[in-house]
Amino acid sequence: MFKKILVACRGEIAMRVIRCCQEMGIETVQAYSEADRGSLPVQFATENVCIGPPAASGSYLNIPAVIAAAKAYHCQAIHPGYGFLSENADFAEACRENGIVMIGPSAEVIRRMGDKQSARMLMKKNDVPVVPGSDGILKNVQEAEQIAEKIGYPVLLKATAGGGGRGMRIAAEASELEKAYEEAQAEALAAFGNGDLYLEKLIVSPRHIEVQILGDSQGHLLTLGERDCSIQRRNQKLIEEAPAMILNKHQRAALYKAAFRAGKAVNYTSVGTVEFVLSPDGSFYFIEMNTRIQVEHTVTEMVTGIDLCREQIRVAAGLPVSFRQSDVVIRGHAIECRVNAENPAKNFQPSPGTVRFLHFPAGFGVRCESAMYNGCTISPYYDSLIAKIIVCAPTRLQAIRKMRMALEEMTVEGPDTNINFLYLIMFDQNYLLGNFDTLFLSRDTGKLLNWDSRSQRRKR
Ligand code: ADP
């Protein structure tokens, strides 16, 4: 097992890794940017090292600086968390060249899956259902038109280098295609330096369902249940839950089989997620694979009792997965809410600043993952996720009740947060009924915000 790991991420996931390492008897070195000097992970890690300026391009995304820090502090491995360098194949390669283990899959697997169009083709070859669409990168808008005509509108143009919902545009009909093509391409070029696009049929009213997988270098590959991540805002997940109540026994079994084939196709050797869209007609299609630990891994942990962070570190060190597929049993229902420092009433504008007072919910079946403390500063330089509240209860409705209580109890004074917005979703009848798709928030945000401002007025 590793003696010392460099933690090359920040915020709640850095704390998650540090806590896990402490339990495993592994020392940690927190790599931090100048903006994070006073952050909780810096205080909790065994050692810490500044790797650059606040802007991520100079620090958390700076491959030479991260590698140099790992070497200077004699770390055998680097944990990249999620975001930043976690799905960067060049980084994984640089680690290998320097004799350091990147905690994740190999550079080759990251590269194959990171290019979404080639991942799509690989899946198709391995009998994993993919959304009907183009069989390669689109040469031009004319080719897009021909394919769209064949599969039928509406269609979705996607950047092969895409991520975080960027580089994606819908064309509802032929007249919209050219504009969608140009916009998607421009956005992808600006965000990823790669404007290559492919095309998929738009699945109308889909659920986002994903399967957690875990593999090791001995050839074991396991599936650890699914998550429903359909509550999204602008293709960014906000609320996730496990299991997905919409699936019946047969769909679930078929989904696990497809996820298993996806993992086997690349001999997957870490924690990973195979993402699908589920159509209202019950068919599901692969959309992409994430080759890292995900924000929402916690809901899977709550219903399986398996520590995914620990398994991820173990398999990276060459150990086998510590249990068998038959040991994986899903118990109860877990929900995660992402608390962001943002103002829903101001179009979700980020709200950095100092946290003057902080109180986390607690109690049976309530879990909080955060790097906040009383008096800490929320930096404007990074993602606005400041805490994850996770609850687990025997049934979904009980979990929802628990989440309401947890959100009611949580107090963050200083920055604006989306806590009230999340709270209102926990009372939405369609959410309660499980009657939602990925467009739930884009339809209902206005309604929820109105409720919120009414309740604020009453309070005053
Ligand atoms: P990214 O890597 O940018 O997150 P994804 O391919 O994972 O992009 O898609 C993000 C979200 O967009 C999905 O969660 C889903 O809600 C939606 N989506 C993706 N592909 C389709 C599709 N073919 N039809 C309908 N919705 C889709």
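Our structure's up above, just so we're on the same page.
About the cut-offs
- Residues numbered from 1 in each chain as written.
- Predicted model: local features only at pLDDT ≥ 70, side-chain atom pairs only at ≥ 80, totals over all residues.
- Heavy atoms only, no water.
- 1 Å grid on protein atoms, 1.4 Å probe; cavity = no way out; pocket = protein on both sides within 12 Å on 5 of 7 lines; lining within 4 Å.
- Points joined across faces, edges and corners; volume = space filled by probe spheres on them.
- Nonpolar A, V, L, I, M, F, W, Y, C, P; charged D, E, K, R; others polar.
- Salt bridge = Lys/Arg side-chain N within 4 Å of Asp/Glu carboxyl O.
- Helix = DSSP H or I, 4+ residues; strand = E, 2+ residues; numbered from the N terminus.
- Buried < 20%, exposed > 50% of the residue type's maximum accessible area, 1.4 Å probe, protein only.
- Expected span 1.5 Å × (residues − 1).
- Contact = heavy atoms within 4.5 Å.
- Disulfide = S-S within 2.5 Å.
- Pairing = 2+ DSSP bridges.
- Axes fitted to C-alpha atoms, helices over the stretch in contact; angles between N-to-C directions.
- Near = heavy atom within 4 Å.
- Polar contact = N/O pair within 3.5 Å; in protein donor to acceptor, adjacent residues only side chain to side chain.
- Areas by Shrake-Rupley, 256 points an atom, 1.4 Å probe, with all protein chains shown as cover.
- Core = buried A, V, L, I, M, F, W, Y, C linked by side-chain atoms within 4.5 Å.

Draft legend 1. A look at empty space enclosed by the protein. Scanning all chains against the criterion turns up one cavity of 30 Å³ or more. Taken as a whole, the largest cavity encloses approximately 30 Å³ of empty space. When grouped by side-chain class, the residues that make up the lining of the largest cavity number five nonpolar, five polar and one charged.

Draft legend 2. Seen up close, the pattern of salt bridges. Under the criterion given, the structure shown has 29 salt bridges. Glu200 is paired through a salt bridge with Lys158; the nearest N and O atoms lie 3.2 Å apart. Of this pair, Glu200 sits in strand S8 (residues 197-201) while Lys158 sits in strand S6 (residues 155-163), and the two are 42 residues apart along the sequence. Pair check on accessibility: Glu200 and Lys158 agree, each one buried.

Draft legend 3. Layout of helix H8 (residues 174-192). An ideal rise of 1.5 Å per residue puts 27 Å on 19 residues; H8 measures up with 27 Å between its terminal C-alpha atoms. Among the residues of H8, Leu177, Ala180, Tyr181, Ala184 and Ala188 are the ones counted as buried. Residues of H8 that are buried sit in contact with helix H7 (141-151), S6, strand S7 (166-171) and S8. One or two positions beyond H8, positive phi appears at Gly193, with a value near 65°.

Draft legend 4. Expanded view of unusual backbone geometry. Here the residue pair Tyr153 and Pro154 is connected by a cis peptide bond, since its omega of -5° sits within 30 degrees of zero. Of note, Pro154 is situated in the loop between H7 and S6. Located in the positive-phi region is His74, a residue other than glycine, with phi close to 55°. With respect to the secondary-structure elements, His74 resides in the loop between helix H3 (63-72) and strand S4 (77-79). Despite not being glycine, Asn267 shows a phi value in the positive range, around 50°. Along the chain, Asn267 falls in the loop between helix H9 (249-265) and strand S12 (271-278).

Draft legend 5. Structural context of the state of the cysteines. Per the counting criterion, the structure on display carries zero disulfides. Cys21 forms no disulfide, and the closest cysteine sulfur to it belongs to Cys20, at a distance of 5.9 Å. There is no disulfide at Cys50, and the cysteine sulfur nearest it, in Cys75, is 15 Å away.

Draft legend 6. Focus on the sheet that holds strand S11 (residues 236-242). With respect to topology, eight strands assemble into an open sheet ordered S13-S12-S9-S10-S11-S14-S21-S19, the strand pairing being antiparallel. Only two strands of the sheet have a single partner each, and these edge strands are strand S13 (284-290) and strand S19 (366-370). Put simply, the sheet's adjacent strands are angled 25° from each other on average, direction ignored. Alignment of strand S9 (residues 207-215) against strand S10 (residues 221-233), held across six bridges, turns out to be antiparallel. Pairing of Gly215 across the sheet is with Leu221, part of S10.

Draft legend 7. Molecular detail of the site of the ligand. Taken together, 23 residues sit near the ligand, with Gly165, Ile203, His208, Gln232 and Glu288 positioned nearest. Within the backbone of Gly164, a nitrogen or oxygen atom sits 3.2 Å from an oxygen atom of the ligand. Within the backbone of Lys201, a nitrogen or oxygen atom sits 3.0 Å from a nitrogen atom of the ligand. When the ligand sits alone it has 550 Å² of accessible area, and the protein chains cover 94% of it.

Draft legend 8. Representation of the nonpolar core within the structure. Ranked by size, the top nonpolar core spans 37 residues in total, and within it Ile239, Ile335, Met372, Ile425, Met426 and Tyr431 carry the most contacts. Of all the secondary structure elements, the ones that give two or more residues to this core are S11, strand S14 (333-340), strand S21 (385-393), helix H12 (396-409), helix H13 (419-425) and helix H15 (440-459). Residue contacts for Ile425: discarding those within four places in its chain leaves Leu238, Ile239, Tyr431, Phe440, Leu441 and Leu448. Of all hydrophobic cores here, the second largest spans 32 residues; its members include Ala14, Leu214, Val271 and Cys309.

Draft legend 9. Inspection of the sheet that holds S6 at higher detail. The strand order S7-S6-S8 describes an open sheet built from three strands, whose pairing is antiparallel. Each end of this open sheet is capped by a strand with a single partner; those strands are S7 and S8. Pairs of neighbouring strands in the sheet enclose a mean axial angle of 25°, with direction left out of account. Bridge count between S6 and S7: five bridges; the pairing is antiparallel. In the sheet register, Leu157 faces S7, and the bridge partner there is Arg169. Strand contacts of helix H6 (residues 116-125): S6 and S8, with the helix running at about 50° to S8, the strand carrying the most contacts. Across the sheet, H8 is in contact with S6, S7 and S8; its angle to S7 comes to roughly 175°.

Draft legend 10. Spotlight on the environment of Val7. Tracing the sequence through the fold places Val7 in strand S1 (residues 4-7). We classify Val7 as buried; its relative accessible area is 0%. Sequence separation of Val7 and Met289 is 282 residues, and the distance between their C-alpha atoms is 23 Å. When neighbours within four sequence positions are excluded, Val7 is seen to be in contact with Ala14, Val17, Ile18, Thr28, Val29, Gln30, Ala31 and His79.

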